[in-house]
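As a plain string of letters, each chain reads:
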Amino acid sequence: MEDDYRTRLSTVVSVARILLEEGLPFRGHDESAESLHRGNFLEHISWVCKREENVNKVMGKNALGNNQLTSPTIQRDIIECCAMETRKIILNELGEKKFTLLVDEARDCSVKEQMSLVLRFVNDKGMVLERFLGLVHVNETSAKVLKNAIDTFFAKHDLSLAKLRGQGYDGAANMSGEFNGLKTLILKENKNAHYIHCFAHQLQLVVVTASHESESVGGDDRARDPERSVEVSREVMVQRRDVSLQVNMDEESMGESEDDAQAKDFRISSSGEVEVDPSMLTQGGRDRNAEWV
């Protein structure tokens, strides 16, 4: 009986690991015996039973109805166990290193607010890594609630806010507000946790602004006006600069302010298009004294 249970458990865990590694859903819309597709989890188990006689003898119709190990509850338990082991490996890899916290919030398909947490750090080989730690459900997305959820998550996984050296969020008021935003609440506890506006969100702001002026995308007649195109290009450039890094820089060592440095990364061509300094695309960033190519 014990060997049968071990075989059954090993099979369902192996199937769950395959689905998790591939990012596939477990459940099906119709998991009844008459369904042609009962979901990835049950279908994979059925496939294993057809090819492994020792598994087929202890699963499905050959196992007790209350000992199948295939119920949705069991599936969730296995997923949570895999998540715990994965987080344990990530935290062991992090060790005592300093790290950056990346946070974003959204609603899932069941209209529940959830917050995603990602750690960014440098490993022992000098490689910059980003590791997803998990999703945390929250009642609302106010800065105070998100801060309390982060504190609870850090305490649960033995992470210290004192080791935080950066925070990256979108530009929403609850995240980046100067007075009551999440970044401000964290900075009150750790002045070294510099805030950086997420580059992906910056790019989205620029693309949305530019697309509104495109005839093929936004349908705006103003896009046909060359003078208006130049104006829009300038607006995009200024917007990109305004949502740039907010980290304070040492002006004496750098010789220029952050806004001036960011503005040098862009220029308006004779045709009215925004041009990006090609050296920005190279590893190590741009040389402030380099000439445009």
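Predicted, not measured: the structure shown is a model, and the values here were computed from it.

S.K.: Talk me through helix H8 (residues 199-212); I want residue IDs and the actual numbers.
M.R.: The end-to-end C-alpha distance of H8 is 20 Å, a good match for the 20 Å that 14 residues give at a rise of 1.5 Å each. Considered for burial, the residues of H8 that qualify are Gln202, Val206, Thr209 and Ser211.

S.K.: Go over the environment of Ala193, please, and point to the residues and values.
M.R.: Tracing the backbone shows Ala193 in the loop between helix H7 (182-189) and strand S5 (194-197). Look at Ala193 and you get buried, because its relative accessible area is 0%. Here the alpha-carbon distance between Ala193 and Gly168, two residues 25 residues apart in the chain, equals 9.7 Å. Other than its neighbours up to four places away in sequence, Ala193 contacts Leu164, Arg165, Gly166, Gln167, Ile186 and Leu187.

S.K.: Can you explain the sheet that holds strand S1 (residues 99-107)? Please cite residues and give values.
M.R.: Strand order in the open sheet made by the 5 strands is S3-S2-S1-S4-S5, with mixed pairing throughout. Edge positions in the open sheet fall to strand S3 (128-137) and S5, since each of these has one partner strand only. This sheet shows a mean twist of 25° between the axes of neighbouring strands, independent of strand direction. Against the sheet, helix H4 (residues 72-94) makes contact with S1, strand S2 (113-122) and S3, and its axis sits at roughly 135° relative to S3, the strand it touches most. With respect to the sheet, H7 is in contact with strand S4 (164-169) and S5, its orientation differing from that of S4 by roughly 175°.

S.K.: Which residues make up the confidence of the model for the protein, and what are the values?
M.R.: The share of residues in the protein with pLDDT of 70 or more is 73%, and the mean pLDDT across the chain is 80. pLDDT under 50 marks residues 245-263. Its contacts with residues more than four places away, or in other chains, come to 22 contacts. Low pLDDT, under 50, characterises residues 280-293; the predicted model gives this stretch 21 contacts beyond four residues in sequence or across chains.

What counts, and where the lines are drawn
- Residues numbered from 1 in each chain as written.
- Predicted model: local features only at pLDDT ≥ 70, side-chain atom pairs only at ≥ 80, totals over all residues.
- Heavy atoms only, no water.
- Helix = DSSP H or I, 4+ residues; strand = E, 2+ residues; numbered from the N terminus.
- Expected span 1.5 Å × (residues − 1).
- Buried < 20%, exposed > 50% of the residue type's maximum accessible area, 1.4 Å probe, protein only.
- Contact = heavy atoms within 4.5 Å.
- Pairing = 2+ DSSP bridges.
- Axes fitted to C-alpha atoms, helices over the stretch in contact; angles between N-to-C directions.
- pLDDT = per-residue confidence, 0-100.

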